[in-house]
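Chain residues, written in single-letter form:
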Amino acid sequence: MSASDAGSLSRREWLLSERPASRMQARLGRAYVTWRRFSANRLAFVGLLIIIALLVVAAFADVLAPHSPTIGDLKNARLLPPSATHWFGTDDLGRDIYSRIVYGSRWTLYVVILVAVIAAPIGLLVGTVAGYAGGWTDAILMRVTDIFLAFPKLVLALAFVAALGPGIENAVLAIAITSWPPYARIARAETLTVRNSDYIKAVQLMGASPFRIVLRHIMPLCISSLIVRVTLDMAGIILTAAGLGFLGLGAQPPLPEWGAMIASGRRFILDQWWVAAAPGAAILIVSLGFNLLGDGLRDALDPRSGDQ
């Protein structure tokens, strides 16, 4: 056995030690086991590659896009089919569709990241407080959650956007308002399983306040389940944002948002199919990537899964 192989084996044994010598070793060991489970799932790895590609495209849109996403050649380049000059063709205003899709990836990430940042903490806070407090607090918070869950997400988002007015920021806010209830349900269920555990009882006996117990000891236990659910919901968030854009309530022209691009191309779907097909394919691929990634994270972060 070579020295490098011996070193790799010793590092692996150090990471998988059943008696870690420090918190850092324990955390690195859990991360290593999680990565092994995740990387063993090939479809999940494909989903990760799709999301990484989305991030790269969004970060380097200025370099990857050969044309302006908002300025076109209406006289000479209107509704041109895919070619070497315009890879995905042009739209009815002579704008390069490939460039608009590349820049549109930024708006897609803008929507999903903001919705996750707004909705996930709200759901986590509501669920953990309801599960730990119990009683009338639990009843009130869960009945509010049930009211939001009683309406289809898209219909409720349409109502909020109609009240707030069209625009990408209002669409993000509306989607976030309708997305937190499932996270609250998950956090409450996780909290109920650990609320009466010996671990929490010991923290209570040490004099920790309910606020500290929820913030420092219960919320971290709910994060892994919440990450999985948020990742799986990304596809639904993208589709909801695209639906609002399609109806003219999301991103407004000339922003290159994928749903709005499909809306503008539906008039030419029979003859100039590429106008709507290209952004539709982008939504399909990115949604598939988030679903595959979420499935992989669900299996990798499940503590009941055995080491593979």
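All figures in this text were calculated on a predicted structure; none of them were measured in a lab.

A. Fine view of the UniProt feature "domain: ABC transmembrane type-1" (unreviewed entry) in the chain. Taken from the UniProt record, the annotation "domain: ABC transmembrane type-1" (unreviewed entry) applies to residues 109-294. Taken as a whole, residues 109-294 contains 82% helix and 0% strand, while its terminal C-alpha atoms sit 16 Å from one another.

B. Looking closely at the packing of aromatic side chains. Scanning the entire structure with this criterion turns up seven aromatic pairs. Considering the side-chain rings of Trp107 and Tyr110, the 5.6 Å spacing of their centres and the 80 degrees angle between planes classify their relative orientation as edge-to-face. Of this pair, Trp107 and Tyr110 both sit in helix α5 (residues 97-133), three residues apart, which is roughly one turn of that helix. Using a relative accessible area of 30% as the deciding quantity, one classes Tyr110 as partly exposed. Aromatic ring contacts, followed pair by pair, group Trp35, Phe38 and Phe45 into a single cluster. Sitting over the ring of Phe246, Arg266 keeps its end group 5.3 Å from the ring centre.

C. Structural context of the UniProt feature "transmembrane region" (unreviewed entry) in the chain. With numbering aligned to this structure, UniProt lists the feature "transmembrane region" (unreviewed entry) at residues 43-65, 107-134, 154-178, 226-252 and 272-294. A distance of 29 Å separates the end C-alpha atoms of residues 43-65, which is 91% helix and 0% strand. Structurally, residues 272-294 is divided into 91% helix and 0% strand, and its ends, taken at the C-alpha atoms, are 35 Å apart.

D. Summary view of the nonpolar core. Val111 and Trp258 are the most contacted members of the largest nonpolar core, which totals 63 residues. When residues of this core are traced back to their parent elements, those giving at least two are α3 (42-59), α5, α7 (153-164), α8 (168-194), α9 (198-205), α10 (210-246), α11 (258-265) and α12 (274-300). Tallying contributions element by element places α10 first for this core, with 14 residues. The residues touching Val111, leaving out its near neighbours within four places in the chain, are Ile168, Val172, Ile175, Ile237 and Ala241. Of all hydrophobic cores here, the second largest spans five residues; its members include Ala65, Tyr98, Val102 and Tyr103.

Reading guide: rules and limits
- Residues numbered from 1 in each chain as written.
- Predicted model: local features only at pLDDT ≥ 70, side-chain atom pairs only at ≥ 80, totals over all residues.
- Heavy atoms only, no water.
- UniProt positions renumbered as here; feature names shortened; annotations may be inferred.
- Helix = DSSP H or I, 4+ residues; strand = E, 2+ residues; numbered from the N terminus.
- Phe/Tyr/Trp six-rings, centres within 6.5 Å; stacked < 30°, edge-to-face > 60°.
- Buried < 20%, exposed > 50% of the residue type's maximum accessible area, 1.4 Å probe, protein only.
- Lys NZ or Arg CZ within 6 Å of the ring centre and 35° of its normal.
- Core = buried A, V, L, I, M, F, W, Y, C linked by side-chain atoms within 4.5 Å.
- Contact = heavy atoms within 4.5 Å.

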